[in-house]
Amino acid sequence: GYMYENGLHYSVDYVKAAEYYQKAAPTVGHAEGIACFALGHLYENGLGVPQSDSLALEWYHRGADLGEANSILAISRLGAI
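Residues numbered from 1 in each chain as written. Predicted model: local features only at pLDDT ≥ 70, side-chain atom pairs only at ≥ 80, totals over all residues. Heavy atoms only, no water.

**A look at the overall build of the protein**
Across its full length, the protein holds five helices and zero strands. A compact globule built from 81 residues would reach a C-alpha radius of gyration of about 12 Å, and the protein, at 12 Å, matches this within 12%. C-alpha extents for the protein along the principal axes are approximately 35 × 25 × 15 Å. Residues counted as buried form 32% of the 81 residues belonging to the protein. Within the protein, residue pairs in contact and separated by at least 24 positions form 29% of the contacts whose partners lie at least 6 positions apart. Surface summary for the protein: the accessible area is close to 4,700 Å², and the carbon and sulfur share equals 57%. Taking the 4 positively charged and 9 negatively charged side chains of the protein as two groups, their mean positions are separated by 6 Å. (Helix = DSSP H or I, 4+ residues; strand = E, 2+ residues; numbered from the N terminus. Rg over C-alpha atoms; globule rule 2.2 N^0.38 Å. Buried < 20%, exposed > 50% of the residue type's maximum accessible area, 1.4 Å probe, protein only. Contact = heavy atoms within 4.5 Å. Areas by Shrake-Rupley, 256 points an atom, 1.4 Å probe, with all protein chains shown as cover. Lys, Arg positive; Asp, Glu negative; His and termini not counted. Charge placed at Lys NZ, Arg CZ, Asp CG, Glu CD.)

**Re helix H2 (residues 14-24)**
Buried within H2 are the following residues: Ala-17, Ala-18 and Tyr-21. One side of H2 holds all its buried residues, which, seen down the axis, span an arc of 100°. For H2, the N-terminal capping position is held by Asp-13, with its side-chain oxygen 3.2 Å away from the main-chain nitrogen of Val-15. (Arc of directions from axis to C-beta. Polar contact = N/O pair within 3.5 Å; in protein donor to acceptor, adjacent residues only side chain to side chain.)

**Describing the pattern of salt bridges**
For the structure shown, the criterion picks out one salt bridge. Across the pair Glu-44 and Arg-77 runs a salt bridge whose closest N-O atoms are separated by 2.8 Å. With Glu-44 in helix H3 (residues 30-45) and Arg-77 in helix H5 (residues 69-77), this residue pair connects regions lying 33 residues apart in the sequence. Residue Arg-77 is classed as exposed on the basis of its relative accessible area of 53%. (Salt bridge = Lys/Arg side-chain N within 4 Å of Asp/Glu carboxyl O.)

**Re the side chain of Ser-52**
Considering the arrangement of structural elements, one finds Ser-52 in the loop between H3 and helix H4 (53-65). A polar contact of 3.2 Å, which involves the side chain of Ser-52, links it to the side chain of Ser-54. Apart from the residues lying within four places of it in its own chain, the contact partners of Ser-52 are Tyr-43 and Glu-44.

**Side note on the side chain of Glu-5**
By secondary structure assignment, the location of Glu-5 is in helix H1 (residues 2-6). No salt bridge is formed by the buried Glu-5; the nearest opposite charge belongs to Arg-77, separated by 11 Å. Of note is the side chain of Glu-5, whose polar atom sits 2.7 Å from the side chain of Tyr-21. Once residues within four sequence positions are removed from consideration, Glu-5 is found in contact with Val-12, Tyr-14, Ala-17, Tyr-21, Ala-38, His-41 and Leu-42.

Spelled out as C-alpha cells, the structure:
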C-alpha cells in the first residue's frame, strides 16, 4: 500500500493503496498498526476512498489500540480523545 500511496516503483494510485492496506490491517504485528494508520489517513483526506472523518477515526483508534504512535497523534490532532 505504501508504495502505491507514495509512487515508489508504481504510479501513485490511492485506490490500490487502500486495497493493500485493507489486506494488511488484519495481520498480526507492527504492520497492522501502520496499515490502520494509513487507512485512517486515506479516509481523512478522501484519497482513493470516500472522505469520512468517522471512518478515519475508527481506523486511527484501531491503530492506537495497537500502539501505533502516528494514530495516537492523529486522534489528538482531530480532538477526538
